[in-house]
Amino acid sequence: MPGLEDLYREIILDHYSNPRNRGELEVPPAVRSEGFNPLCGDETVVYLLLKDGMIDDIAIGGRGCSISSSSASMMSALVKGKSVEQVRDFTKIFKLMLSVHEGTLGGDHSHPISENATQNIGPARELGQDLGDSPDPSARLLTDDELASLGDLAALQGVVKFPVRIKCALLPWNTLTQSLVEALGTG
Amino acid sequence: MPGLEDLYREIILDHYSNPRNRGELEVPPAVRSEGFNPLCGDETVVYLLLKDGMIDDIAIGGRGCSISSSSASMMSALVKGKSVEQVRDFTKIFKLMLSVHEGTLGGDHSHPISENATQNIGPARELGQDLGDSPDPSARLLTDDELASLGDLAALQGVVKFPVRIKCALLPWNTLTQSLVEALGTG
Amino acid sequence: MPPLRVEMTNSIDTELIQKDFPILSTQVNGQRLVYLDSAASSQKPIQVLEAMDKYYSTTHANVHRGVYAIAENATNLYERARVVVGRFIGAPNPAREIVFTKNATEAVNLVAYSWGRANLTNSDVVLLTEMEHHANIVPWQILAQQLGFEIRFIPIDRSGYLNLSEIDSLLSGVKLVGVTASSNVLGTITEISDLIGRAHSVGALVIVDGAQFVPHLPANVQEIGCDFFVATGHKMLGPTGIGFLWGRETLLDAMPAFLGGGEMICDVRKDGFTPNDLPYKFEAGTPPIAEAIGLMEAVAYLEKLGMANIRAHEIELVGYALDRLKSEFGKSIEIFGPSNPQDRGGVVSFSFKNLHPHDISQILDSEGVCIRAGHHCAKPLMRVLDVSATARASLYIYNDYADVEALVTGLYKADKFFGI
Amino acid sequence: MPPLRVEMTNSIDTELIQKDFPILSTQVNGQRLVYLDSAASSQKPIQVLEAMDKYYSTTHANVHRGVYAIAENATNLYERARVVVGRFIGAPNPAREIVFTKNATEAVNLVAYSWGRANLTNSDVVLLTEMEHHANIVPWQILAQQLGFEIRFIPIDRSGYLNLSEIDSLLSGVKLVGVTASSNVLGTITEISDLIGRAHSVGALVIVDGAQFVPHLPANVQEIGCDFFVATGHKMLGPTGIGFLWGRETLLDAMPAFLGGGEMICDVRKDGFTPNDLPYKFEAGTPPIAEAIGLMEAVAYLEKLGMANIRAHEIELVGYALDRLKSEFGKSIEIFGPSNPQDRGGVVSFSFKNLHPHDISQILDSEGVCIRAGHHCAKPLMRVLDVSATARASLYIYNDYADVEALVTGLYKADKFFGI
Ligand SMILES: Cc1ncc(COP(=O)(O)O)c(C=O)c1O
Ligand SMILES: Cc1ncc(COP(=O)(O)O)c(C=O)c1O
Ligand code: FES
Ligand code: FES
């Protein structure tokens, strides 16, 4: 049974109470993107300033829960000063970390009551990988190096055990991707 | 438990195999009305010729089951030569005979399995009178005189025990009512 | 913080009732399940589950066309459910005026697609309220996109009541008013009778969203005086998969068909169809048969308890919850909606410190306490309240003082956990 | 008339299966229940009922928004049901392409109201077949009334097959083809792949009505090659109150919303709404949660038996029924549809002497034998066959030779009873 400490690691709470890079940037030269979480109605705003293929500056606005806020805060700290290339890699790794693996949904992640309820309810237990936020069929475990590359963000690993909150953790990253597209004028 | 003999009285089978007044009348002077039973798709056609407020002639077309066919046949025999007034009375009495009374739906009419199924299923048993073909809130038992006035048609009494077939028995009568309205140029 | 616990004075015996709800004796995270989310969906008593099982196990068949015994019986039960549900809300002619749908949302859409498309033009106005659920907003927006009419909103005041001070000017040009009988966020029991009177006086019809009303208060569409009324089974002890529309017979009769298919036709030719009589005209395809039977049993359960008793219980329990939350958390908690429990249904929405509602709910879950966090499908209202989400505890017949205390305890834990 | 009884050679063990269906051990009129009406609605195995009861008794909550354990669990189960159902029909991306509806009929209406309204104009043609169920006719007629397009019908030949000889000219101007994969009256398993290829070559899309196909044969939408596919839960061992639409993701993505309300929105403002992603965009309001879970269990049951085995069983049993009816009643019985059981699903429609189908059914009922009589929601087909109704026996996994014999015996009784 996953406890609250799996979800709310100390570092998460820290970023939640002391969000980094909170604010706005002037648009232009920066671009501004907003992302919605349709489940809760929360919104993340990302201001992004690129220079020579590098994240020159980033600021975070909007409102959300501790998970989306801390994810945004840690993300901003991580990507600042990195290349667009690197940011894309981080995004991939982060999403991979949060993809739901075979067995987790009906299995060890779930509360006791879930196990009861899925017992005998047909083929439920084998289908974890197709559900929710797992569009990536190549879902796999992260390597240690990959995990380490995420820094503080590794603390969000426990979110997989709380499927409804995965969208919270992804919200800033999806918004960042959007703003990259906008800033680069592609897509 | 109602048996088949409650539904298919001999006289009914007789009218079914030897339908009276089957055919067509010339239109005009006669009027022609058709009625549908949406449950089965069957159709009764009534040709009606009025003269001096009397049913001068009547003919029956269309196709239907033994219940609707015999009801039409017996109806045609009964109303021929009668006054419009009388026909309206017959219609009222006939419909009254087929209205479903309190208690009958969950009660004595039903097959054993119905009783099982409605047991404990909430307030089912008390609601007979509101269901199906009982738009008339003044539903009551017929007097002996009334029943006698229907002649052969009294044989259709057993139909109440087979609610789906009530519409069959009523189909010719509803069509007749329609054709009366048309013939009298009212409504 | 010694709880203010006192004996309930109303006649609802929650202890006895809880025994009828198998889920309430399960454990979540090692804790007793404290279910405070009945406004999203109520739990189901064993009687409802058994009625459906019994139906499937003894007499299931498709309805309306079968001549054999079990099919006739299924038809009788299904039609009986219609009458039972209709009587429960005071419908004058339930056998023709109750249309079973899949939920309350479909029922509103039915009115929008059928009545709306036939009666609204681009010069008309549809008047809603700021506290409507999306179910009574979006169908009108979809229609407005196609027909080009205007949608207006009756504002709410600071206490969460409808502000009717400008109602006369708001009503100008209005053909239809959509109003909730009880808000799923504020709890407000709206004063619809007055509004309906005024709407009728300018020739507008009124559709009432009774989804949060029917489970909690005695409802009578004739007394309310509305023209259409919708509600949903799963919030009133019934199963998922069923809701219903009540409409005035003359209105329904004049409305064109909505969904096409089996059941709703009298005849189909290659070149067209003739619709069936009411209520079948609006019930295309195989209806939710077992669900209607389950809903009939749910209504029987509510009637056995007595809606007046249920109401008394909820006023008492909601009053207790409001008192406890205010006395424990004072200015740290903001409770939305009327402060008088007489004016509220069973929901209590609040903001607590600057904690995000989802985080509150997550902490409460670890204590077995289920509340809802979010926009509650009322985003326009969220914008009026200037929040992105609220936390919402909602109370029902099986809830008691201990459940309210569990909520209070959980909030202390959340406060401590985030330590902000 | 000694019955031709032989041992079944397929691997479906009807005796074992019957034990899973509580209703099959009930008595009707003192007789064993012989249920020959699965084409109208199948019976439900105890596993399906138990899955739903278990859901309600342990983890019911409204889906998609709750952060607490039982709500997450309900959401997981509901979404898992979507994937299970999607995989069962070979959907490439079930999590986005399966939309749960209340029945197959709603699913067709969804396509008509959403895709149809956005893509059809008065110069277009919708091509249906003469053997369509009303569910795949009337929605197009309702739309045609509003948009003014033409509806054409592919004729059938005397043996109950689609007559595709004029298909090229029939297809001219066609934007959409609606075709049943298996007729609920004739039993015909249509050769849709050929038709779909031709339709696609003129740029038309194809909606396939799989209501009578999915319960009986292995179905794979990718192999079939259609664009939309609908089916219904209650005919495939599942509960009432649920059906589904499969559509190509790109098509669904481009389609406007149909029913408006909760769940289907991403944002709602006073001045408009933003629809949600697939598949939620098309699931307004609280969905049939327990019903989806019941349907998932039904699919598991069918998969356990194996669709190929079910098919083998039905070919054998239908072949037996055709033989027995013909050998017993010769020219007195007219059996509609293909004479080769390989080309048929589980239904056997017939005319018997000049007895009215409802009268036949009534007599059979007194023997505990349930068949359907009527137009089977296929009135245009009835006109083509020049009958007002047919009697229809339909066979499924729990039926066996004894059931066919009961039908034969019952027909003898009917013949004797009416003595015509
Ligand atoms: C071929 C066919 N299509 C569609 C339907 C409609 O199914 P439902 O009534 O569940 O919507 C049926 C069943 O009645 C059918 O037999
Ligand atoms: C006030 C109100 N109206 C309508 C609805 C919609 O009910 P359903 O989702 O069952 O259609 C709800 C519940 O979500 C509600 O609270
Ligand atoms: S709850 Fe809205 S982003 Fe987490
Ligand atoms: S069955 Fe059609 S009228 Fe009797």
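Residues numbered from 1 in each chain as written. Chains lettered and ligands numbered in written order. Predicted model: local features only at pLDDT ≥ 70, side-chain atom pairs only at ≥ 80, totals over all residues. Heavy atoms only, no water.

### With respect to the side chain of E316(D)
- On the secondary structure map, E316(D) appears in helix α12 (residues 307-329).
- Of the polar contacts made by the side chain of E316(D), one reaches the side chain of Y401(D); its length is 3.3 Å. (Helix = DSSP H or I, 4+ residues; strand = E, 2+ residues; numbered from the N terminus. Polar contact = N/O pair within 3.5 Å; in protein donor to acceptor, adjacent residues only side chain to side chain.)

### A few points about the site of ligand 2
- Around ligand 2 sit 14 residues in total, of which T105(C), D209(C), Q212(C), T232(C) and K235(C) are the nearest.
- T105(C) is positioned with one of its side-chain polar atoms (N or O) 2.6 Å from an oxygen atom of ligand 2.
- A distance of 2.7 Å separates an oxygen atom of ligand 2 from a polar atom in the side chain of T286(D).
- Protein contacts shield 95% of the accessible area of ligand 2, which totals 390 Å² for the unbound molecule.
- For the shell around ligand 2, a count of residues per class yields three nonpolar, nine polar and two charged. (Near = heavy atom within 4 Å. Areas by Shrake-Rupley, 256 points an atom, 1.4 Å probe, with all protein chains shown as cover. Nonpolar A, V, L, I, M, F, W, Y, C, P; charged D, E, K, R; others polar.)

### Looking at the site of ligand 1
- Contacts to ligand 1 come from 14 residues, most closely from T105(D), D209(D), Q212(D), T232(D) and K235(D).
- Proximal residues around ligand 1 fall on chains C and D, making this an inter-chain site.
- Within the contact set of ligand 1, an oxygen atom lies 2.7 Å away from a side-chain nitrogen or oxygen of Q212(D).
- T232(D) is positioned such that a nitrogen or oxygen atom in its side chain is 2.6 Å from an oxygen atom of ligand 1.
- A total of 390 Å² of accessible area belongs to ligand 1 in isolation, and the protein chains cover 95% of it.
- For the shell around ligand 1, a count of residues per class yields three nonpolar, nine polar and two charged.

### Here we look at the interface of chain D and chain C
- Contact with chain D, which involves 95 residues of that partner, is made by 95 residues of chain C.
- Residue D267(D) pairs with R383(C) through a salt bridge whose shortest N-O separation is 2.9 Å.
- The tally of links between chain D and chain C comes to 52 residue pairs in polar contact (both at pLDDT 80 or more).
- Considering only residue class, the side of chain D that touches chain C consists of 44 nonpolar, 32 polar and 19 charged. (Contact = heavy atoms within 4.5 Å. Salt bridge = Lys/Arg side-chain N within 4 Å of Asp/Glu carboxyl O.)

### Re helix α5 (residues 104-119) of chain D
Residue and element names in this part refer to chain D.
- Between its first and last C-alpha atoms α5 spans 21 Å; for 16 residues at 1.5 Å apiece the expected length is 22 Å, and the two agree.
- With 13 of 16 residues buried, α5 lies mostly within the body of the structure.
- Where α5 begins, the capping side chain belongs to N103, and its oxygen is found 3.2 Å from the backbone nitrogen of T105. (Expected span 1.5 Å × (residues − 1). Buried < 20%, exposed > 50% of the residue type's maximum accessible area, 1.4 Å probe, protein only.)

### Digging into the relation of the copies chain D and chain C
- For the pair chain D and chain C, the superposition axis carries a translation of 0.0 Å, the fit reaches an RMSD of 0.0 Å, and the rotation angle comes to 180 degrees. Look at the turn and shift together and you get a two-fold axis relating the two. Considering only C-alpha atoms, the part of chain D nearest the rotation axis is G241(D), at 2.7 Å.
- A share of 100% of the interface residues of chain D reappears at the interface of chain C, consistent with the copies meeting face to face through the same patch. (Least-squares fit on C-alpha atoms with pLDDT ≥ 70 in both.)

### Looking at the confidence of the model for chain A
- Residues at a pLDDT of 70 or more form 76% of chain A, whose mean pLDDT is 79.
- Within the model, pLDDT remains below 50 along residues 101-137 of chain A, and this stretch shows 94 contacts once partners closer than five positions in the same chain are excluded. (pLDDT = per-residue confidence, 0-100.)

### Re the packing of aromatic side chains
- Counted according to the given criterion, the structure contains 36 aromatic pairs over all chains.
- Ring centres of F94(B) and W173(B) lie 4.8 Å apart, and the angle between their planes is 20 degrees; on these two criteria the pair is classed as stacked. Of this pair, F94(B) sits in helix α4 (residues 84-98) while W173(B) sits in helix α7 (residues 163-184); the two residues are 79 residues apart in sequence, bridging distant segments of the chain.
- Given the relative accessible area of 0%, F94(B) is considered buried.
- Where Y113(D) meets F258(D), the ring centres are 5.2 Å apart and the plane angle is 20 degrees; that geometry is what we call stacked. Placement of Y113(D) in helix α5 and of F258(D) in the loop between α10 (249-254) and β11 (265-269) is noted, with a sequence separation of 145 residues between them.
- Its relative accessible area of 2% is what places F258(D) among the buried residues.
- By way of ring pairs, the aromatic residues Y8(A), Y16(A), F417(C) and F418(C) are connected into one cluster. (Phe/Tyr/Trp six-rings, centres within 6.5 Å; stacked < 30°, edge-to-face > 60°.)

### Topic: the packing of helix α12 (residues 307-329) of chain C against helix α15 (residues 401-418) of chain C
Residue and element names in this part refer to chain C.
- One way to put it is that α12 packs onto α15 with a least axis distance of 10 Å and a crossing angle of 25 degrees. In terms of their interaxial angle, α12 and α15 are classed as roughly parallel. Regarding α12 and α15, the two cross each other, and that crossing is right-handed. Seen from α12, the contacting residues are E316, L317, Y320, A321, R324, L325, E328 and F329; seen from α15, they are Y401, V404, E405, L407, V408, L411 and Y412.
- Looking at the contact of α12 with α15, its residues break down into eleven nonpolar, no polar and four charged. (Axes fitted to C-alpha atoms, helices over the stretch in contact; angles between N-to-C directions. Parallel < 35°, antiparallel > 145°, perpendicular 65-115°, else oblique. Left-handed = near helix turned anticlockwise from the far one by under 90°.)

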